[in-house]
Amino acid sequence: MDLVQLQRQLVDYRTSLYHEGFLDEQFTQLKELQDENNPDFVVEVVSLFFEDSERLLNELSKALEQQVIDFKRIDAHVHQFKGSSSSIGAQRVQKLCIVFRNFCEAQNVEGCLKCLQQVKHEYSIVKTKLESMFQLERQILNAGGSVPV
């Protein structure tokens, strides 16, 4: 595949992530903070999001397996996950966290368990999609091209 095709593929792929609701304007703002002095800024921020998300999802799973469920603690984890999702523009994950917090407030164990599975699923999808996008960007750079804005 030639460079122009790769660049077109990246633009189309990125556009689809917005149209399908995986990313929102916050991701665009994050990309605008990247410049030639810090060319890996977005990848670094998103990588930190991935690390933090894995930890939070594990904490949520453990907390919901307890005999006595601490809904305040779960809500604090979900609140943190909502904030970090929002900060990188992971719109679907962020919206599910809002629903999850409502179940925490209602102390609805079944609702929390269902939301946890949905959040894990959406997180997994957005992680895969972002990794694919970053891979396309690396291919373009390795071929001597520039990543389209």
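Residues numbered from 1 in each chain as written. Predicted model: local features only at pLDDT ≥ 70, side-chain atom pairs only at ≥ 80, totals over all residues. Heavy atoms only, no water.

Asks: Explain the UniProt feature "modified residue: Phosphohistidine" (unreviewed entry) in the protein to me, please; I cannot follow it from the model alone.
Replies: Per the UniProt annotation, the sites labelled "modified residue: Phosphohistidine" (unreviewed entry) are His79. With respect to the helices, strands and loops of the structure, His79 is situated in helix H4 (residues 71-88). Taking the relative accessible area as the measure of exposure, His79 reaches 42% and is therefore partly exposed. (UniProt positions renumbered as here; feature names shortened; annotations may be inferred. Helix = DSSP H or I, 4+ residues; strand = E, 2+ residues; numbered from the N terminus. Buried < 20%, exposed > 50% of the residue type's maximum accessible area, 1.4 Å probe, protein only.)

Asks: Can you walk me through the layout of surface pockets in this structure?
Replies: In this approach, a probe sized like a water molecule rolls over the atoms, and the result shows the empty space that is left. Its volume calculated, the largest pocket comes out at about 550 Å³. Taken together, 20 residues line the largest pocket, and the ones lying closest to its centre are Lys31, Gln34, Pro39, Glu137 and Val147. Only helix H1 (3-19), helix H2 (25-32), helix H3 (41-65) and helix H6 (109-142) provide two or more residues apiece to the lining of the largest pocket. For the lining of the largest pocket, the per-class residue count stands at nine nonpolar, three polar and eight charged. (1 Å grid on protein atoms, 1.4 Å probe; cavity = no way out; pocket = protein on both sides within 12 Å on 5 of 7 lines; lining within 4 Å. Points joined across faces, edges and corners; volume = space filled by probe spheres on them. Nonpolar A, V, L, I, M, F, W, Y, C, P; charged D, E, K, R; others polar.)

Asks: Even after reading the chapter, I still don't get the environment of Gln118, so can you show me in this structure?
Replies: Among the structural elements, Gln118 can be located in helix H6. Note: C-alpha distance between Gln118 and Phe100 (18 residues apart in sequence) is 9.5 Å.

Asks: Help me out: how do you make sense of H6 in this one?
Replies: Each turn of an α-helix holds 3.6 residues, which means side chains three or four residues apart point in the same direction. Between its first and last C-alpha, H6 extends 49 Å over 34 residues, near the 50 Å set by a 1.5 Å rise per residue. Two residues or fewer past H6, Gly144 is found with a positive phi of approximately 90 degrees. (Expected span 1.5 Å × (residues − 1).)

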